[in-house]
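The residues making up each chain are set out below.
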Amino acid sequence: MIFYNPAGAPELGCEHCGCRWYDRMNNACYECGAEVTPQMLAEYEQALKDFLARQQAPG
Ligand SMILES: [Zn+2]
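What comes next concerns the included structure.

Before going further, it helps to examine the overall build of the protein chain. Broken down by element type, the protein chain carries 1 helix and 4 strands. A principal-axis box enclosing the C-alpha atoms of the protein chain has dimensions of 40 × 20 × 15 Å. Counting all 59 residues of the protein chain, 29% fall into the buried class. In the protein chain, the proportion of contacts linking residues at least 24 apart, taken out of those at least 6 apart, comes to 28%. On the protein chain, roughly 4400 Å² of surface is accessible, and the fraction owed to carbon and sulfur atoms is 52%. Side chains of the protein chain carry 4 positive and 8 negative charges; the gap between the two charge centres is 9 Å.

This is how it looks when you write it as structure tokens:
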């Protein structure tokens, strides 16, 4: 699950409990322990790239 903060930047969230607190050391949710899948990470990285591209776009 990908959230967007008020600035429009993507944040990775848990698909199981909906929280945003991931333990990046273990690639798992702090709340419920659900694993972050490679697909979720790929989606997040793509969303982040899109966000940065928008930030850098002129106008
Ligand atoms: Zn969770």
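Let us now look at the coordination of the zinc ion. The protein atoms that coordinate the zinc ion are Cys-14 (SG), Cys-17 (SG), Cys-29 (SG) and Cys-32 (SG), at distances spanning 2.3 to 2.4 Å. Each of the 4 donor atoms around the zinc ion contributes to a set of angles spanning 101 to 116°, which defines the coordination as tetrahedral. Each donor residue of the zinc ion lies on the same chain, and together they follow the pattern C-x2-C-x11-C-x2-C. With a gap of 12 residues between them, Cys-17 in the loop between strand 2 (10-12) and strand 3 (22-23) and Cys-29 in strand 4 (residues 28-29) connect regions that are remote in the sequence.

The rules behind each value
- Residues numbered from 1 in each chain as written.
- Predicted model: local features only at pLDDT ≥ 70, side-chain atom pairs only at ≥ 80, totals over all residues.
- Heavy atoms only, no water.
- Helix = DSSP H or I, 4+ residues; strand = E, 2+ residues; numbered from the N terminus.
- Buried < 20%, exposed > 50% of the residue type's maximum accessible area, 1.4 Å probe, protein only.
- Contact = heavy atoms within 4.5 Å.
- Areas by Shrake-Rupley, 256 points an atom, 1.4 Å probe, with all protein chains shown as cover.
- Lys, Arg positive; Asp, Glu negative; His and termini not counted.
- Charge placed at Lys NZ, Arg CZ, Asp CG, Glu CD.
- Donors = N, O, S within 2.8 Å, 3.2 Å for Na, K, Ca; no water.
- Tetrahedral: all angles 85-135°; square planar, octahedral: opposite > 155°, others 65-115°.

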